[in-house]
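Okay, here's what each chain looks like letter by letter:
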Protein chains: 2
Amino acid sequence: MTIAETSKKYGLTADTLRYYERIGLIPPVPRTKGGVRNYDDASCGWIELVRCMRSAGVQIEALIEYGALCRQGEGTEERRKEILLEQRALLLGRMEKMQRSLDRLDYKIANYDQILRGK
Amino acid sequence: MTIAETSKKYGLTADTLRYYERIGLIPPVPRTKGGVRNYDDASCGWIELVRCMRSAGVQIEALIEYGALCRQGEGTEERRKEILLEQRALLLGRMEKMQRSLDRLDYKIANYDQILRGK
DNA sequence: TCTTGACCTGGAGTACGCTCCAGATGATAT
DNA sequence: ATATCATCTGGAGCGTACTCCAGGTCAAGA
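Quick look at the structure, then. (Residues numbered from 1 in each chain as written. Chains lettered and ligands numbered in written order. Predicted model: local features only at pLDDT ≥ 70, side-chain atom pairs only at ≥ 80, totals over all residues. Heavy atoms only, no water.)

### Some remarks on the packing of helix α1 (residues 3-10) of chain A against helix α2 (residues 14-22) of chain A
All names here are of chain A. The line we're drawing: Inter-axis angles, ranging from 0 to 180 degrees, are taken between N-to-C directions of lines fitted to C-alpha atoms, where helices are fitted over the stretch in contact. Helix and strand definitions follow DSSP, with helices as H or I runs of at least four residues and strands as E runs of at least two, each counted in order from the N terminus. The cut-offs work like this: below 35 degrees is roughly parallel, past 145 is roughly antiparallel, 65 to 115 is roughly perpendicular, and the gaps in between are oblique. The contact definition used throughout considers only heavy atoms, calling two residues in contact when any of these lie within 4.5 Å.
With their axes 9 Å apart at the nearest point, α1 and α2 run at an angle of 100° to one another. With respect to each other, α1 and α2 are oriented roughly perpendicular. Each of Ile3, Thr6 and Ser7 in α1 lies in contact with α2, whose residues at this interface are Ala14, Leu17 and Arg18.

Structure below.
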């Protein structure tokens, strides 16, 4: 797959895909003889995971460390799990704050509903 | 209340409080004769709301517009409600993405649990 | 072969939301 | 009165995560 196709498939710009590779967020993508990126299933798998995590706000740094450990292979499982647990806790914390804001928004919206209905 | 006290009370730095005021995210705070900020209940109310919304990731721009409309007074309720509904939708969308990531993290963590237990 | 469009790299620029700083002034304890 | 600390303003700087660009190479159709 070319970068244009991959970009379309995952809804990330070509620049973002190159950026992710450049900073080591995804492993080096295989190239054609001419040096053009040719995304394979392995690359796509990483991209898909990264897209999911990034869309939820998981920090790039954590994902880089996790990916590096995966590529290092055995013996790194403990630390990998630790990273995932950390990110899980961060996500939960943020979701709680969002829930509080959501409740507050709902309350205010209900108020405006009443005010505007009374008009 | 001084800025130091307000900072402590809401867990925002003095710099952040001044920044919020500077950009119009909260209305101008009353001053002593000497020009020192003296946070009153109205100021604190705005700060508390803003802190809640910002901690959930609501964009500053939306909060500025909402605050400006509130200060404009009557006739702006429709637009105010619209803003709140927009932000509500954005929050929900982000929470869904986070939930998807969370599920994925849980799945992976369970995997590592198994791997590490088997060792 | 030529042209046109996609892709390459390295590096600079951008948006957001703070965060820090300098130099000056205000407030407070002695 | 003086020293010390808090606060003031305007403006520069920073971290994160992209996003854009220039100048060059690759590839596919006519």
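### Quick word on the relation of the copies chain A and chain B
Going by this rule: Only residues with pLDDT of at least 70 in both copies count here: their C-alpha atoms drive the least-squares fit that superposes the copies.
Expressed as a screw operation, the relation of chain A to chain B combines 0.0 Å of axial shift with a rotation of 180°, fitting to an RMSD of 0.1 Å. Look at the turn and shift together and you get a two-fold axis relating the two. Among all C-alpha atoms of chain A, that of Met95 of chain A lies closest to the rotation axis, at 3.3 Å.

### Details of the packing of aromatic side chains
To be explicit about the condition: Only rings of Phe, Tyr and Trp enter the pairing, Trp through its six-membered ring, and a pair is recorded when the two centres are within 6.5 Å. The plane angle decides the type: under 30 degrees is stacked, over 60 is edge-to-face, the rest tilted. Criterion for a charge above a ring: Lys NZ or Arg CZ within 6 Å of the ring centre, and within 35 degrees of the ring normal.
Taken as a whole, this structure holds 3 aromatic pairs over all chains when the rule is applied. The ring of Trp46 of chain A has Arg71 of chain A sitting right over it, with the charged end atom 4.7 Å from the ring centre.

### Notes on the protein's contact with DNA strand D
Rules: Any residue with at least one heavy atom within 4 Å of a molecule or strand is counted as near it. Counted as a polar contact is a pair of N or O atoms within 3.5 Å, where, for protein atoms, one must be capable of donating a hydrogen and the other of accepting one, and residues adjacent in sequence contribute only when both atoms are in side chains.
Around DNA strand D, 19 residues are found, and the nearest of them are Asp15, Tyr20 and Arg54 of chain A together with Arg18 and Arg37 of chain B. Of all atoms in DNA strand D that approach within 4 Å of the protein, 71% are sugar or phosphate atoms. Asp15 of chain A places a side-chain nitrogen or oxygen 3.5 Å from a base nitrogen of DNA strand D. Residue Arg22 of chain B places a side-chain N or O atom 3.0 Å away from a base nitrogen belonging to DNA strand D. Mapped by element, the contributors of at least two residues to the surface near DNA strand D are α2 of chain A together with α1 (3-10) and α2 (14-22) of chain B.

### Observations concerning the interface of chain A and chain B
Keep this limit in mind: What gets called buried area is simply the loss in accessible area from a 1.4 Å probe that two parts show on being joined, summed for both. Between Lys or Arg on one side and Asp or Glu on the other, a salt bridge is scored when a side-chain nitrogen of the former is within 4 Å of a carboxyl oxygen of the latter. Residues are grouped as follows: Ala, Val, Leu, Ile, Met, Phe, Trp, Tyr, Cys and Pro are nonpolar; Asp, Glu, Lys and Arg are charged; all remaining types, including Gly, are polar.
Opposite the 35 residues of chain A that make contact, chain B presents 35 residues. Around 3,600 Å² of area is buried between chain A and chain B when both sides are counted, 71% of it from carbon and sulfur atoms. One can count 6 salt bridges joining chain A with chain B. Taken together, the connections running from chain A to chain B amount to 12 residue pairs in polar contact (both at pLDDT 80 or more). Looking at the side of chain A that touches chain B, the elements with two or more residues in it are α3 (41-55), α4 (60-72) and α5 (77-118) of chain A. Considered class by class, the residues forming the side of chain A that touches chain B number 18 nonpolar, 4 polar and 13 charged.

### Describing α4 of chain A
Convention followed: The length a helix should cover is 1.5 Å for every residue beyond the first. Here the term buried applies to any residue with accessible area under 20% of the maximum for its type, exposed to any over 50%, and partly exposed to those in between, with areas from a 1.4 Å probe on protein chains only.
Taking 1.5 Å as the rise per residue, α4 of chain A with 13 residues should run 18 Å; its terminal C-alpha atoms sit 18 Å apart, in good agreement. Turning to α4 of chain A, its buried residues are Ile60, Ala62, Leu63, Ile64, Tyr66, Gly67 and Leu69 of chain A. Check the buried side of α4 of chain A and you find it contacts α2, α3 and α5 of chain A together with α5 (77-118) of chain B. Phi turns positive one or two residues past the end of α4 of chain A, at Gly73 of chain A, with a value near 90°.

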